[in-house]
Amino acid sequence: MTLKIDSLVVGYGKRDVVKGATLQVGKGELVGLLGSNGSGKSTLIKTIAGINQQTGGTITWNGTTDLAGLPRRELAKIVAYVPQSIGLSFGLDIREAVLLGRTPYFGTRPREEDWDHVETAMSLLGLDQLGDRSVTELSGGQGQRVLIARALAQDPEILLLDEPTSALDIRYQWQTLNVARQITRKKNVAAVIAIHDLNQAARFTDRVVFLHDGEVIAEGRPADVYSPELIKRVYGVDVELSAYKGFVQVHPLSEHDETHHRPVPFPPAPAVNPDAGQLELQGRYTA
Ligand SMILES: Nc1ncnc2c1ncn2[C@@H]1O[C@H](COP(=O)(O)OP(=O)(O)OP(=O)(O)O)[C@@H](O)[C@H]1O
């Protein structure tokens, strides 16, 4: 059974920005949503999350559930959404902010199992040491990790991540993408991640979907679907592809950048300062 998005149309005012998109995400599958700025990725994700309303098409889960028609609380038990921008409530510490992910499950008071979910999610995102800190004191990257932990604490069947690593340093980018992949597999979650880094998408996702001007123009395994022609069409950039440890990798080319004609050795050779040599020689001659 899958998350099925069929001929989805979403717009703002009279302007459609998602124009008949059709895609599916299987349980246990992490799908990368790729496309240039403004191509409609966030709009599509927010529509699945029930934040935006579609004007056409359907979103179904398990073959029958029309997600758009579900009450908020029921929807929150199925779908967790990590927004692109960080908007954390004032006056909460991190643990309480993560606990917000559990609110669809408890009445007035959190139960022990709710706190267990909170601790597990915080630990997965490396937040254990920060639990008592106020969310107002966090850096952008720490705040982003809190939002992801909140979504994991929600124990969703569908996980929607909108550029979740944009504020993270390389360590937490990799940790977060690994966690997203592990959770997806272990808990049989259907996960969609909007992501700009094509190389990370190739490494961590099972499949990618390219949105271009609101339409799905390509989808498949990164190694099958990435091509210089497709990337030129979507981003207007010339690239070369290579394989690294079995993953396809993308290298932008530039007419101003000749490194692909003159490879720089790595690690680089020690810098040679010709003037320094000259001075030394001159020194010897004058001695
Ligand atoms: N709240 C809004 N009101 C009006 N237009 C909007 C709104 N949000 C997005 N848009 C427009 O919809 C189009 C798609 O935006 P969207 O944020 O979905 O793209 P995106 O692919 O997620 O972009 P990015 O990679 O920059 O995050 C853009 O032209 C954008 O200007």
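Just above, that's the structure.
This report concerns the structure included in the present document.

What counts, and at which threshold
- Residues numbered from 1 in each chain as written.
- Predicted model: local features only at pLDDT ≥ 70, side-chain atom pairs only at ≥ 80, totals over all residues.
- Heavy atoms only, no water.
- 1 Å grid on protein atoms, 1.4 Å probe; cavity = no way out; pocket = protein on both sides within 12 Å on 5 of 7 lines; lining within 4 Å.
- Points joined across faces, edges and corners; volume = space filled by probe spheres on them.
- Helix = DSSP H or I, 4+ residues; strand = E, 2+ residues; numbered from the N terminus.
- Nonpolar A, V, L, I, M, F, W, Y, C, P; charged D, E, K, R; others polar.
- Expected span 1.5 Å × (residues − 1).
- Buried < 20%, exposed > 50% of the residue type's maximum accessible area, 1.4 Å probe, protein only.
- Arc of directions from axis to C-beta.
- Polar contact = N/O pair within 3.5 Å; in protein donor to acceptor, adjacent residues only side chain to side chain.
- Near = heavy atom within 4 Å.
- Areas by Shrake-Rupley, 256 points an atom, 1.4 Å probe, with all protein chains shown as cover.

The next subject is the layout of surface pockets. If you add up the space inside the largest pocket, you get close to 360 Å³. Only helix H2 (72-78) and strand S6 (79-82) provide two or more residues apiece to the lining of the largest pocket. Per-class residue counts for the lining of the largest pocket are 10 nonpolar, 3 polar and 2 charged.

Further remarks concern helix H6 (residues 170-186). For H6, with 17 residues, the first-to-last C-alpha span of 24 Å sits near the 24 Å given by 1.5 Å per residue. All buried positions along H6 are accounted for by Tyr172, Gln173, Thr176, Leu177, Val179, Ala180, Ile183 and Thr184. Down the axis of H6, the buried side of the element spans an arc of 155 degrees, and every buried residue falls inside it. Opposite its buried face, H6 presents the exposed residues Ile170, Arg171 and Lys186, each directed more than 90 degrees away. For H6, the N-terminal capping position is held by Asp169, with its side-chain oxygen 3.0 Å away from the main-chain nitrogen of Arg171.

Let us now look at the site of the ligand. The full set close to the ligand counts 14 residues, and Arg15, Gly38, Lys41, Ser42 and Thr43 are the nearest of them. The separation between an oxygen atom of the ligand and a polar side-chain atom of Glu163 is 3.3 Å. Within the side chain of His196, an N or O atom sits 3.0 Å from an oxygen atom of the ligand. For the ligand, whose accessible area on its own is 630 Å², the fraction buried by protein is 62%. Looking at the shell around the ligand, the elements that each hand over two or more residues are strand S2 (15-26) and helix H1 (41-48).

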